[in-house]
Amino acid sequence: MSKDIYVFIEQRDNKLEKVGIELLGKARELADDLGQEVVGMLIGENVKEEAEVLFRHGADKVIVVEDPRLKEYLSEDYADMVYGIIEKYEPEIVLFGATSIGRDLAPNLAARVHTGLTADCTKLEIDPESKLLMMTRPAFGGNLMATIVCEDFRPQMATVRPGVMPSIEVEKTDGEVIEDKFEFSHKEPVVRLKEVLKIESSKKDITEANILISGGRGMGGPEGFDTLNGLAKELGAEIASSRAAVDSGWIEKSQQVGQTGKTVRPELYLALGISGAIQHLAGMEDSDLIIAVNKDDGAPIFDVADLGVVGDLNAIVPKLEELVRKERELSEQL
Ligand SMILES: Cc1cc2nc3c(=O)[nH]c(=O)nc-3n(C[C@H](O)[C@H](O)[C@H](O)COP(=O)(O)OP(=O)(O)OC[C@H]3O[C@@H](n4cnc5c(N)ncnc54)[C@H](O)[C@@H]3O)c2cc1C
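Residues numbered from 1 in each chain as written. Predicted model: local features only at pLDDT ≥ 70, side-chain atom pairs only at ≥ 80, totals over all residues. Heavy atoms only, no water.

- In the nomenclature of an unreviewed UniProt entry, the protein chain is known as Electron transfer flavoprotein FAD-binding domain protein of Aedoeadaptatus nemausensis.
- UniProt annotates the protein chain under Sequence similarities (unreviewed entry) with the comment "Belongs to the ETF alpha-subunit/FixB family." (UniProt positions renumbered as here; feature names shortened; annotations may be inferred.)

### Some words on the packing of aromatic side chains
Phase 1 of the analysis: All chains considered together, the criterion is met by 3 aromatic pairs.
Phase 2 of the analysis: A ring pair is formed by Phe 8 and Tyr 78, whose centres lie 6.3 Å apart and whose planes are at 80°; its orientation type is edge-to-face. Of the two residues, Phe 8 sits in strand E1 (residues 5–9) while Tyr 78 sits in helix H3 (residues 75–89), which places them 70 residues apart along the sequence. Here the two residues Phe 8 and Tyr 78 agree in accessibility, since each one is buried.
Phase 3 of the analysis: Between the aromatic rings of Phe 8 and Phe 96, the centroid separation amounts to 6.0 Å while the plane-to-plane angle is 35°, which identifies the pairing as tilted. Of the two residues, Phe 8 is situated in strand E1 and Phe 96 in strand E6 (residues 93–97); the sequence distance between them amounts to 88 residues. (Phe/Tyr/Trp six-rings, centres within 6.5 Å; stacked < 30°, edge-to-face > 60°. Helix = DSSP H or I, 4+ residues; strand = E, 2+ residues; numbered from the N terminus. Buried < 20%, exposed > 50% of the residue type's maximum accessible area, 1.4 Å probe, protein only.)

### With respect to the site of the ligand
Phase 1 of the analysis: Neighbouring residues of the ligand: 26 residues in total, closest Arg 217, Ser 242, Thr 260, Ser 275 and Asn 294.
Phase 2 of the analysis: For the ligand, an oxygen atom lies 2.6 Å from a polar atom in the side chain of Ser 242.
Phase 3 of the analysis: Arg 243 places a polar main-chain atom, nitrogen or oxygen, 2.9 Å from an oxygen atom of the ligand.
Phase 4 of the analysis: Elements with a minimum of two residues in the shell around the ligand: helix H7 (243–247), helix H8 (278–281) and helix H10 (313–333). (Near = heavy atom within 4 Å. Polar contact = N/O pair within 3.5 Å; in protein donor to acceptor, adjacent residues only side chain to side chain.)

### With respect to the pattern of salt bridges
Phase 1 of the analysis: Per the stated rule, a full pass over the model turns up 24 salt bridges.
Phase 2 of the analysis: In this structure, Asp 120 and Arg 161 form a salt bridge, with 3.5 Å as the shortest nitrogen-oxygen distance. Within this pair, whereas Asp 120 is found in strand E7 (residues 117–121), its partner Arg 161 is found in the loop between strand E11 (156–160) and strand E12 (176–180), the two being separated by 41 residues in sequence.
Phase 3 of the analysis: Residue Arg 325 is joined to Glu 321 by a salt bridge in which the shortest nitrogen-to-oxygen separation is 3.7 Å. Residue Arg 325 and its partner Glu 321 are both found in helix H10; the two are separated by 4 residues, about one turn of the helix.
Phase 4 of the analysis: A single salt-bridge network, built from bridges that share partners, covers Glu 10, Arg 12 and Glu 17. (Salt bridge = Lys/Arg side-chain N within 4 Å of Asp/Glu carboxyl O.)

### A short note on the domain arrangement of the protein chain
How big an interface is tends to be stated in terms of accessible area lost as the parts join.
Phase 1 of the analysis: Looking at the protein chain, the domain boundaries give domain 1 (3–180) and domain 2 (211–332).
Phase 2 of the analysis: One C-alpha centre belongs to domain 1, the other to domain 2, and the line joining them spans 33 Å.
Phase 3 of the analysis: Between domain 1 and domain 2, the contact holds 9 residues from the first and 8 residues from the second.
Phase 4 of the analysis: In this structure, the connection of domain 1 to domain 2 is made through 0 salt bridges.
Phase 5 of the analysis: Scanning the region where domain 1 abuts domain 2 turns up 4 residue pairs in polar contact (both at pLDDT 80 or more).
Phase 6 of the analysis: Here the residues of the side of domain 1 that touches domain 2 sort into 4 nonpolar, 4 polar and 1 charged. (Domains from an automatic or database assignment. Contact = heavy atoms within 4.5 Å. Nonpolar A, V, L, I, M, F, W, Y, C, P; charged D, E, K, R; others polar.)

### With respect to H10
Phase 1 of the analysis: Here H10 is 21 residues long and its end C-alpha atoms lie 30 Å apart, about the 30 Å a rise of 1.5 Å per residue gives.
Phase 2 of the analysis: Buried within H10 are the following residues: Leu 313, Val 317, Glu 321 and Val 324. The buried side chains of H10 occupy one side of the element, clustering within an arc of 75° when seen end-on. Exposed residues lying more than 90 degrees from the buried face of H10 are Lys 319, Leu 323 and Gln 333.
Phase 3 of the analysis: Structurally, H10 contributes buried residues whose contacts are with helix H6 (228–235), strand E15 (268–272) and strand E16 (289–294). (Expected span 1.5 Å × (residues − 1). Arc of directions from axis to C-beta.)

### Re the nonpolar core
Phase 1 of the analysis: Counting 34 residues, the largest nonpolar core has Ile 5, Leu 42, Leu 54, Val 62, Leu 95 and Leu 124 as the members making the most contacts within it.
Phase 2 of the analysis: For this core, the element with the highest residue contribution is helix H1 (residues 18–34), accounting for 8 residues.
Phase 3 of the analysis: Setting aside its immediate chain neighbours within four residues, Leu 124 contacts Lys 26, Leu 30, Leu 95, Leu 133, Met 134, Met 135, Ala 158, Val 160 and Met 165.
Phase 4 of the analysis: Counting residues in hydrophobic clusters, the runner-up holds 26 residues, among them Met 41, Phe 96, Leu 109 and Met 157. (Core = buried A, V, L, I, M, F, W, Y, C linked by side-chain atoms within 4.5 Å.)

### With respect to unusual backbone geometry
Phase 1 of the analysis: In this chain, Arg 154 is followed by Pro 155 through a cis amide linkage whose omega measures -5°.
Phase 2 of the analysis: Structurally, Pro 155 is set in the loop between strand E10 (144–148) and E11.
Phase 3 of the analysis: Even without being a glycine, Asn 14 presents a positive backbone phi close to 65°.
Phase 4 of the analysis: The exposure class assigned to Asn 14 is partly exposed, which follows from its relative accessible area of 25%.

### Looking at H3
In an α-helix there are 3.6 residues to a turn, and that puts residues three or four apart on one side.
Phase 1 of the analysis: Compared with the 21 Å implied by 1.5 Å per residue over 15 residues, the 21 Å span of H3 between its first and last C-alpha is a close match.
Phase 2 of the analysis: Buried within H3 we find Asp 77, Tyr 78, Ala 79, Asp 80, Met 81, Val 82, Gly 84, Ile 85 and Ile 86.
Phase 3 of the analysis: Looking one or two residues past H3, Glu 90 carries a phi angle of roughly 50°, positive in sign.

Pasting the structure below:
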């Protein structure tokens, strides 16, 4: 009989990725609805000590699989280990982050186990009657939300967008650690890793920022974004953007918010010259406070904004910077 919610905990260089922690929070909620447990799957080399972090964020148990061959992510080897876990423990639900690793691993496993997989979910719920997992994801460019269920096969599997599920902290700091080992399907790894190259970006991760100043096509060009640096400095904010600005080559793709960019939920999202297309809103509408500046009073961004300013951002941004500076200077004098 399958039971419990299993979460693949992604790590790189033995540092846990945020998405795994977020998923534990969601898994906790789903497990409580089902009266089942949350199990973290921690795979790598010397990763066991991270188990404690998982307990603090909602896991009841952690299955640790360690091997020097698992130091870096390799499709086949990791899939062998997760497959081993699924075969042995028969989970009801298995969740992965929709990262490049999760998107590689999950379909490989779904095919091997012969079960259903829903990719890139933004909402997960247990149907109160059928107790099935309802997996919701945007489809057709975000114009349609599809809710998908996997009735007959187990486990029910989903990859989930990073940044969508809020992580939780619980008081519990320990739980059961199960150390396990599974056979690799090949004596030698089929794919060998030659080198991992890290691209150093000068930009900070926009998903980590408390305040985001986001510019769209209304910024008019790359120099428009340059004018935001002063305000960003005053506010301690990072700069983000819509896809239109990325496609125009005004700003790096790593700064893009939205369905095909990143999902953010900062304390303040300042949307400047962004119309508020549904694909953009999908990545930012859960921000605590949204302030929009747009010269078109009919722009859909105003539907989600807590505060809307109709006007030309070229006039408003310098004013705003000046006001914020004055405010800061005043508070420093006190
Ligand atoms: C499959 C798919 C995936 C997509 N994924 C994403 C995604 O991840 N993120 C994303 O952002 N988009 C995404 N898009 C694109 C999306 O549909 C929109 O085209 C895009 O968000 C528009 O960007 P924008 O709001 O900056 O530009 P526009 O829609 O062109 O809006 C510019 C706005 O600026 C205002 N403006 C102009 N000048 C000024 C001024 N001087 N002062 C004040 N306001 C001014 C205008 O009134 C207008 O509202 C996707 C589209 C598809 C089909």
